[in-house]
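One letter stands for each residue in the lines below.
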Protein chains: 2
Amino acid sequence: MKFARFRVDGYDYYGQVEADRLRAIQGDLFSGDYRLTGAVFPLDRVTLLPPSRPVNFWGVGENYPVHVRFRIDQMGREIEERAKRFTPWHKGVGSLIASGDTVVMPPDLKVLEYEGELCIVIGRPAYRVGKDEAPHYIFGYSVSNDISGADYRDAFMWRMKCSDTFGPVGPWIETTIDPHNLDIITRVDGREEDRGNTRDMIHDCYAIVSNISQYCTLHPGDLITTGAPGSTRPLKPGEVVEIEIPGIGVLRNPIAAAR
Amino acid sequence: MKFARFRVDGYDYYGQVEADRLRAIQGDLFSGDYRLTGAVFPLDRVTLLPPSRPVNFWGVGENYPVHVRFRIDQMGREIEERAKRFTPWHKGVGSLIASGDTVVMPPDLKVLEYEGELCIVIGRPAYRVGKDEAPHYIFGYSVSNDISGADYRDAFMWRMKCSDTFGPVGPWIETTIDPHNLDIITRVDGREEDRGNTRDMIHDCYAIVSNISQYCTLHPGDLITTGAPGSTRPLKPGEVVEIEIPGIGVLRNPIAAAR
């Protein structure tokens, strides 16, 4: 099943996706304590919001062999060392935007890059859970674009990964899908630029959830973007970037220069 | 004036501190659109909560000359390079705890360190604000203990700085105080261990708010811990660490080993 968060006439809803319509729910989506209502809206009449309101928005880097080789060629051996360990980081909840929202390039940024990724959505509080138990704590999966300001070389990536609008996630959450055999396709202005499959993850979704939860509780609605499968290239203002994961949906965001 | 967030009988409140009592408010503390109510609770009957519910919890490192020298002696010249730039990072909202809550050492951690700091509390959405305008966007100041798991050497400090319970902030927010002439005193089991003054900050509070806001919107309730003034030493389970900023209050947290 697919669940979206959306806005109509100034009110925010969670709802179930029914083909080209959204049916609002009442209650708590993540605990399962909710009911479907009679309020139904055509998809083209709503504004999609990021699919949850996370406490934390996590990123995982260097999680596919092809991407690791791409980054080693680009940035040197430090990446190789980093890729040997499990190295998550905080994407910054403030960076989160929805499908349809605009990614804005800060005035001093030269190189903005896409990274199309599978995004885990947490369903229950997870603290020190094993890899085998991890699926029980995952609510579903969405599509993310882990936008990077590549020329910001800050020690802790606060501008590179966390600037406003650098965290598109959407269009919604799919709850019934095998996360480890999904194509991830990136298109810029309709041209395919990259294609990978989640079966090539170094740390799979269950390992990621288990590993983070050994130190940091994962909360309902928390998002984890799980790494780009392949290469990337710079985006220019005016271009539109689409990340498609067949079975989940298409995350589409235009790029603009800051005014 | 002082404002706290607290829990009584399962309900959460914001309230104004009146000597040894808390008066609940109704409305939105940060916008100023609130009123005092008749509900008054003795301080010793409430459970303090972290003083706000931030979208992001920011940290700033290497922000006092004495602390920079201490870290260079300990960790080498990489710190000196890092200290030349403004380098904030995400502390992880999940790490946040209140005064009175217990800091828990993960089972595999050897060295847990305190860092007593002044904590900025944001009042209004701040995007690309100048240093001169920054005071207008600050609601007040609290006390923080930027707990570090010193032997976790992760690239992006996800365990070192962001593990559960590593972010004590409290006991409350003081809204009418000069942030740039405050003593910060750290005591362990009542013995003074460190003392500094916010006048020695490298990046002052207004520069910090202005700098972050050039890329990342600061949201009402967001917290920014502004760096430790001096040195630190390892804490042991069973010890109690207090950070006092006269004029604001005392943040007190016991240390325990994970079970």
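This structure is a prediction, so every number in the text was calculated from the model and none was measured. (Residues numbered from 1 in each chain as written. Chains lettered and ligands numbered in written order. Predicted model: local features only at pLDDT ≥ 70, side-chain atom pairs only at ≥ 80, totals over all residues.)

This next bit is on the overall build of chain A. When you go through chain A residue by residue, the secondary structure sums to 3 helices and 20 strands. Dimensions of chain A, computed from C-alpha atoms along their principal axes, come out at roughly 55 × 45 × 30 Å. Out of the 259 residues belonging to chain A, those deemed buried represent 51%. Here the analysis covers contacts within chain A between residues at least 6 apart in sequence; of these, 72% occur between residues at least 24 apart. (Helix = DSSP H or I, 4+ residues; strand = E, 2+ residues; numbered from the N terminus. Buried ≥ 20, exposed ≤ 12 C-beta atoms within 10 Å, placed from the backbone. Contact = placed C-beta atoms within 7 Å.)

As a further point, take the relation of the copies chain B and chain A. Each copy superposes on the other: chain B lies on chain A with an RMSD of 0.0 Å after a rotation of 180° and an axial shift of 0.0 Å. When the rotation and shift are considered jointly, the pair of chain copies conforms to a two-fold rotation axis. Most of the interface of chain B is mirrored in chain A: 100% of its interface residues are interface residues there too. (Least-squares fit on C-alpha atoms with pLDDT ≥ 70 in both.)

For the rest of this paragraph, the subject is the sheet that holds strand β16 (residues 191-197) of chain A. Residue and element names in this part refer to chain A. An order of β9-β20-β19-β15-β16 is seen for the 5 strands of this open sheet, with the pairing classed as mixed. Two strands in the sheet have a free side with no partner beyond their single neighbour: β9 (103-105) and β16. Along the sheet, successive strands turn relative to each other by an average axial angle of 20°, direction set aside. Sheet analysis places strand β19 (residues 240-245) next to strand β20 (residues 249-257), joined by 6 bridges and oriented antiparallel. Bridging across to β20, Ile245 finds its partner in Gly249. (Pairing = 2+ DSSP bridges. Axes fitted to C-alpha atoms, helices over the stretch in contact; angles between N-to-C directions.)

Bringing the domain arrangement of chain A into the picture now. All names here are of chain A. Under the domain assignment, chain A is made up of domain 1 (1-49) and domain 2 (50-257). For domain 1 and domain 2, the distance between their C-alpha centroids amounts to 24 Å. Tallying the contact residues gives 9 residues for domain 1 and 17 residues for domain 2. Listing elements by their share of the side of domain 1 that touches domain 2, those giving two or more residues are β1 (2-8) and β5 (47-49). The dominant element in the side of domain 1 that touches domain 2, judged by the number of residues it contributes, is β1, at 4 residues. (Domains from an automatic or database assignment.)

Moving on: helix α3 (residues 205-213) of chain A. Note: α-helices contain 3.6 residues per turn, so residues at a spacing of three or four share the same orientation. All names here are of chain A. Among the 9 residues of α3, 7 are classified as buried, and the element is accordingly described as predominantly covered. Along α3, the residues that are buried comprise Cys205, Tyr206, Ile208, Val209, Ser210, Ile212 and Ser213. At its buried positions, α3 is contacted by β6 (57-60), β7 (88-90), β11 (116-122), β12 (138-145) and β17 (223-225).

Quick look at the interface of chain B and chain A now. Chain B puts 24 residues into the contact, and the matching count from chain A is 24 residues. Each residue belonging to the side of chain B that touches chain A can be placed in one class, and the counts come to 12 nonpolar, 8 polar and 4 charged. (Nonpolar A, V, L, I, M, F, W, Y, C, P; charged D, E, K, R; others polar.)

Bringing the pairing of strand β4 (residues 33-42) of chain B into the picture now. Residues and elements named next belong to chain B. As paired strands, strand β3 (residues 21-28) and β4 are joined by 7 bridges and run antiparallel to one another. Looking across to β4, one finds that Asp28 is bridged to Asp33. The turn linking β3 back onto β4 is made up of 4 residues, and Gly32 within it adopts a positive phi angle of 85°.

The next point concerns the pairing of strand β12 (residues 138-145) of chain B. Residue and element names in this part refer to chain B. Counting buried positions over the 8 residues of β12 gives 8, a clear majority of the element. Alignment of strand β11 (residues 116-122) against β12, held across 7 bridges, turns out to be antiparallel. Looking at the pairing, Leu118 lines up with Val143 of β12. Where β12 meets strand β14 (residues 167-174), 3 bridges bridge the pair, whose relative direction is antiparallel. If you follow Tyr141 over to β14, its bridge partner there is Glu174.

A few words on the sheet that holds strand β19 (residues 240-245) of chain B. Residues and elements named next belong to chain B. Pairing in this open sheet of 5 strands is mixed, and the strands run β9-β20-β19-β15-β16 from one edge to the other. Every interior strand has two partners, whereas the edge strands, β9 (103-105) and β16 (191-197), have only one. Taken over all neighbouring pairs, the strand axes of this sheet differ in orientation by 20° on average, direction set aside.

All right, on to the nonpolar core then. Buried together is how nonpolar side chains tend to be arranged in soluble globular proteins. One finds Cys119, Ile120 and Val209 of chain A together with Cys119, Ile120 and Val209 of chain B to be the most contacted residues of the largest nonpolar core, which totals 126 residues. The contact partners of Ile120 of chain B, leaving out residues within four places of it in the chain, are Ile138, Tyr141, Cys205, Ile208, Val209, Ile224 and Thr226 of chain B. (Core = buried A, V, L, I, M, F, W, Y, C linked by C-beta atoms within 7 Å.)

Do not read the predicted coordinates in detail wherever pLDDT is low. Taken as a whole, chain A shows an average pLDDT of 96; of its residues, 100% reach a score of 70 or greater. Two numbers describe this predicted complex: its pTM, 0.97, and its ipTM, 0.95. (pLDDT = per-residue confidence, 0-100.)

Next up on the list: unusual backbone geometry. Residues and elements named next belong to chain A. Between Gly170 and Pro171 the backbone carries a cis peptide bond, its omega angle lying at 0°. Locating Pro171 in the fold gives a position in strand β14 (residues 167-174). Its identity is not glycine, yet Ala19 carries a phi of approximately 50°, on the positive side.

So, about the environment of Val8 of chain B. Residue and element names in this part refer to chain B. If you trace the backbone, Val8 turns up in strand β1 (residues 2-8). Separated by 40 residues in sequence, Val8 and Leu48 have C-alpha atoms that sit 9.1 Å apart. With sequence-adjacent residues up to four places away left out, Val8 is seen in contact with Tyr13, Phe41, Arg45 and Val46.

A few words now on the environment of Gly92 of chain B. Along the chain, the position of Gly92 of chain B falls in the loop between β7 (88-90) and β8 (96-97). The spatial distance from the C-alpha of Gly92 of chain B to the C-alpha of Phe156 of chain B is 11 Å, given a sequence separation of 64 residues. Residues contacting Gly92 of chain B, with those up to four places away along its chain left out, are Asn56, His90 and Cys216 of chain A together with Phe57 and Cys162 of chain B.

Turning to the environment of Pro42 of chain A, a few remarks are in order. Residues and elements named next belong to chain A. Structurally, Pro42 can be placed in strand β4 (residues 33-42). The exposure class assigned to Pro42 is exposed, which follows from the 9 C-beta atoms found within 10 Å. With 19 residues separating them in the primary sequence, Pro42 and Arg23 have C-alpha atoms 9.0 Å apart. Setting aside anything within four residues of it in sequence, one finds Pro42 in contact with Asp20 and Arg21.

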